[in-house]
2 protein chains.
Amino acid sequence: MSNKYLISTLFAIFTASSNLWSQELNPGEIQKLRQIHRHIYLSGDCHKWLKGLTQIGGRLAGSPAADSAIRYVYEILDTLPEVSVRLQPCSIPNYWVRGPVEEVIVYDGDKPLSLDCSTLGGSPSTPAEGITAVVQEVYGLEDLERLGRQALEGSIVFFNRPMDAGEVSPFRAYGQAVDQRVRGPAMAARYGAVGAIVRSMTHFLDDVPHTGVTIFRDGEKAIPAIAISTLDADSLSSLIRQRGSVMARIRTSSKNLGPRLSYNVIGEITGSTFPNQIIVVGGHLDAWDNGEGAHDDGAGIVQALQVLQTLVAIDYTPRHTIRFVAYMNEENGGGGARAYADSVRISGETHIAAIESDAGGFAPVGFHWDAQPHLQPYYDSLLQQIIAPHLLQLDLLVRKGGSGADVSKLKPFGTLLFGLRPQPHQYFKYHHTPIDVFDAVHPRELKAGAAAMTSLVYLLDRYLTPPKPPNK
Amino acid sequence: MSNKYLISTLFAIFTASSNLWSQELNPGEIQKLRQIHRHIYLSGDCHKWLKGLTQIGGRLAGSPAADSAIRYVYEILDTLPEVSVRLQPCSIPNYWVRGPVEEVIVYDGDKPLSLDCSTLGGSPSTPAEGITAVVQEVYGLEDLERLGRQALEGSIVFFNRPMDAGEVSPFRAYGQAVDQRVRGPAMAARYGAVGAIVRSMTHFLDDVPHTGVTIFRDGEKAIPAIAISTLDADSLSSLIRQRGSVMARIRTSSKNLGPRLSYNVIGEITGSTFPNQIIVVGGHLDAWDNGEGAHDDGAGIVQALQVLQTLVAIDYTPRHTIRFVAYMNEENGGGGARAYADSVRISGETHIAAIESDAGGFAPVGFHWDAQPHLQPYYDSLLQQIIAPHLLQLDLLVRKGGSGADVSKLKPFGTLLFGLRPQPHQYFKYHHTPIDVFDAVHPRELKAGAAAMTSLVYLLDRYLTPPKPPNK
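Throughout, residues of each chain are indexed from 1 in the direction in which the sequence is written. Whichever chain is written first becomes A and whichever ligand is written first becomes 1, with later ones labelled in order. The predicted origin of the model limits local features to residues at a pLDDT of at least 70 and limits the giving and counting of side-chain atom pairs to 80 or more, whereas totals for whole chains, interfaces and linings rest on all residues.

Observations regarding the environment of Val281(B)
Residue and element names in this part refer to chain B. To be explicit about the condition: We count a stretch as a helix when DSSP gives it H or I for four or more residues in a row; a strand needs E for two or more, and each element gets its number in order from the N terminus. Counting other C-beta atoms within 10 Å of each residue's C-beta, where C-beta atoms are placed from the backbone, gives the exposure class: buried for 20 or more, exposed for 12 or fewer, partly exposed between. In this description, a residue-residue contact is defined by the distance between C-beta atoms placed from the backbone, which must lie within 7 Å.
Looking at where valine 281 falls in the secondary structure, it is placed in strand 13 (residues 274–284). Valine 281 sits in the buried class, given 28 other C-beta atoms within 10 Å. C-alpha separation for the pair valine 281 and methionine 328, spaced 47 residues apart in sequence, amounts to 14 Å. Look past the residues within four positions of valine 281 in its chain and what remains in contact with it is Ala304, Val307, Ile322, Phe324, Ile355, Met453 and Val457.

Dropping the structure here:
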């Protein structure tokens, strides 16, 4: 970076930031933001759409339910005037199906105790009679190396490090614990383990098991892996402490059915001034099969749809192209995000911003943003100067942080990335569970999130100009 | 204000705000904020205290339940080491008691329909046989003058302007509608009305009636006034449209029992460096008699208690005096806030800041602040410079706005005032109703609010120095 560029950037930050809070907002724009909220609260269809989507139920990539969800979203987009719709093919690495059998039985002496369980996505099946072995409790992947093959060979490894309820951010706590589910079974298999039990990824103590992906890479041995509820994880741990050694039998009839073709659903309003500059809004359409995928991520899909419906309804002609993307396969493969990023790489389309909603349909707190490091001073200045003060008037914050699993694939293209941040306190009660259902989403909170996203899209459309490369 | 002061203030804002977002936060302080959250999430007692407080039930100022609540809070404070406790007498203008009878019957021809109703606090009783009269629907106080005595004399006036569900902020919508409840009945009486029915103050359509205060000033004629649910308000309105004229009978056995003595409960940790500079945290202890006062404002009371418990538990010695105040009589008289402000006026105590939680026990969004206009540039700069960046890291925003009914009485003393702002979307489902109960408050959300308040108290204790008067 040249010094001249650095100095002008710093000056921009310095002068820009003096505006935050004290800036006079444009009355016409304040009026437009109110109009956005008014439309969504009084006439927005996102809650109705969520009803339809959740009635389809769980919709893992490759499943017939996912195909129904693709059609459902396509048809909604097709009813919106000024929106052009298409499907984007994407390759799903592995279509996984949960079978009718899943069971974790632990033996207190001869007495069998059945635990609340859910097979992890990607787990192979057990033999019909199940796998019976000694349970080896560990608190993380590093314990595997410490215990070694001698202790682990032939055992069922039980990953039991809890999500930290004392963490400020439940999402950070999730990030600190989830390696046990994602990579624990594959790592345990390296030491000769024959099965894995994983404590559910939640900071709540209850009897609800949480599924989620576990990954076996090419050439790695795959062993059956099942999550148990946090209450049952505590009971199992306590039983092991009391008895010294505990046997368990795990059974699951899940199947890995290999690659499939699926689709992202795309709908867009062409920009009036900069049709070739794109602002993406999206969520992911797939959802775990054990629930209805209401918070994860039906909410994100219908909120992003609501953005398009609202812009049309309030008669706002965007200057940039506003593109809705329903990503497929976020949960267990990332095929949709990969296909979308590939298409950008090949077409050379300019993506100036991308917003993802994938943290639940709860009341919005604001947005976290991200971008390539060398672009951050520019975006920081732009956001402070004009976007943040407007959003602050709506009690929404903006701060540097992450974005989302799907849109983050656009980072290499210089795109300004956002993740909607709803209040995070209840999300991991529902995440990947049978209780993630339509009724768990409050209509006004869902709409408030959609209004936040639409407000951000509107402000970006008004004020975001992509940075000029410094040395070209 | 001198030019020199103005320029130095502007310079302070200018230089300070360049720090927002980009500022390096002090690692020790970040650690302390994490410790605050960890303590509250893992060991905080606020949710347990809320259980006890809500078991006492509704606790209008002057009632035996209010006395029990005073004892309950006193005893909790008394168990906290380093906290000194006292009662502050306050004068309650009117102890109001709901009687066993409350009824709104409308007649569709001869067919009586019973509506979901709740007598408004301050309403006198009807005769035992009730008051039967024609219903006159109006949409606001201004309709009274338009209709005049000829139309209104002898009628039951029905205030039916809904809270605007299209408003961005439900609290603003409440503010725009609540004059009908607070002053509607007294104004209607001026035109000869014999009773009042008021549409419940909520933007939701349901069958839950919301009580609340109605005010008859000295010398004004008092008429019985009853709220009905929003669904019943819509039905009544529709019946009037269909039939042209509808009769109703209202009955209530509520009573105004006149002035009473009651108490604010005060507990404080004396400051180590500035014992005479006080930071107040509080909520109000009284609650409507028809529910348990969980969100309104049991949550605020236990969150403010949690601030003291946390500071003691993490072994933080505050430099300023941190004072908990449980205000009495916020709901129907303001006696507690008045007594507290009077004591400040007489004692000359310096109150550098005051934080109120009285908007529900939902997940926190951040804080709105307020101060006397001439002090706002100073506080704005101070908040932007150091407090806001720290809170932003916790996903909490700070912006200029209101504070709260009780602490706002400290505004004339130059105090920096804050109101905790939880997510506002569900509050008016519960406000002043029988469903405002313990189970309606989510433990983690309640605790997140307490952690937000404790974080702010900690940062204020570290960084808040009162402004120097410009011309002294």
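Thoughts on the packing of helix 2 (residues 27–43) of chain A against helix 10 (residues 294–313) of chain A
Residues and elements named next belong to chain A. Operational definition: Axes here refer to lines fitted to C-alpha atoms; in helices the fit is confined to the stretch in contact. Angles between the N-to-C directions go from 0 to 180 degrees. Working rule for angles: under 35 degrees goes down as roughly parallel, over 145 as roughly antiparallel, 65 to 115 as roughly perpendicular, anything else as oblique. Here a crossing is taken to be left-handed if its near helix is turned anticlockwise relative to the far helix by less than a right angle, and right-handed if that turn runs clockwise.
One way to put it is that helix 2 packs onto helix 10 with a least axis distance of 10 Å and a crossing angle of 115°. On the basis of the axis angle, helix 2 is roughly perpendicular to helix 10. Crossing angle aside, the handedness with which helix 2 passes helix 10 is right-handed. Mapping the contact onto sequence places Ile36, His39, Ile40 and Ser43 in helix 2 and Gln306, Thr310 and Ala313 in helix 10.

Description of the sheet that holds strand 18 (residues 416–422) of chain B
Residues and elements named next belong to chain B. Keep this limit in mind: In this scheme, strands are said to pair when DSSP sees at least two bridges between them.
Read from one edge of the open sheet, 8 strands run 1-12-14-13-15-18-16-17, paired in mixed fashion. On the outer flanks of this sheet lie strand 1 (84–92) and strand 17 (397–400), each paired with one strand and no other. On average, each strand axis in the sheet is inclined to that of its neighbour by 25°, with strand direction left out of account. Pairing of strand 13 with strand 15 (residues 350–356) involves 6 bridges; the strand directions are parallel. Counterpart to isoleucine 278 in the pairing with strand 15 is histidine 351.

Regarding helix 4 (residues 64–79) of chain A
Residue and element names in this part refer to chain A. Worth spelling out the cut-off: Each residue after the first adds 1.5 Å to the expected span of a helix. Note: the arc covers the axis-to-C-beta directions of the helix.
Between the first and last C-alpha of helix 4 there are 23 Å, a value that for 16 residues agrees with the 22 Å anticipated at 1.5 Å per step. Within helix 4, the full set of buried residues consists of Ala66, Ala69, Ile70, Tyr72, Val73, Ile76 and Leu77. Considered in projection along helix 4, the buried side chains sweep an arc of 165° and stay on one side of the axis. For helix 4, the exposed residues lying more than 90 degrees away from the buried face are Pro64, Glu75, Asp78 and Thr79. Packed against the buried residues of helix 4 are helix 3 (46–56), strand 1 (84–92), strand 12 (260–269), helix 10 and strand 14 (320–327).

Some points on helix 9 (residues 230–243) of chain A
Residue and element names in this part refer to chain A. The end-to-end C-alpha distance of helix 9, which contains 14 residues, comes to 20 Å, matching closely the 20 Å that a straight helix rising 1.5 Å per residue would cover. Buried residues belonging to helix 9 abut strand 3 (102–108), strand 4 (111–115), strand 7 (156–159), strand 8 (195–199) and strand 9 (225–228). Downstream of helix 9 by one or two residues, glycine 244 has phi in the positive range, about 85°.

Overview of the packing of helix 12 (residues 376–393) of chain A against helix 14 (residues 443–463) of chain A
All names here are of chain A. Here is the rule we go by: Amino acids outside the nonpolar list (Ala, Val, Leu, Ile, Met, Phe, Trp, Tyr, Cys, Pro) and the charged list (Asp, Glu, Lys, Arg) are all regarded as polar, and Gly is one of them.
Where helix 12 contacts helix 14, the axes come no closer than 10 Å and their chain directions differ by 150°. In terms of orientation, helix 12 and helix 14 fall into the roughly antiparallel class. Here the hand of the crossing between helix 12 and helix 14 comes out right-handed. The segment helix 12 lies against helix 14, with Ile386, Ile387, His390 and Leu391 engaging Ser455, Leu456, Leu459 and Tyr463. Tallied by class, the residues present in the contact of helix 12 with helix 14 amount to 6 nonpolar, 2 polar and no charged.

Some details on the pairing of strand 4 of chain A
All names here are of chain A. Where strand 3 lies against strand 4, 5 bridges are found, and the strand directions are antiparallel. Across the sheet, residue tyrosine 107 finds its bridge partner in strand 4, namely proline 112. In sequence, strand 3 turns back onto strand 4 through a hairpin of 2 residues, with glycine 109 there showing a positive phi of about 65°.

In short, geometric facts, not functional conclusions.
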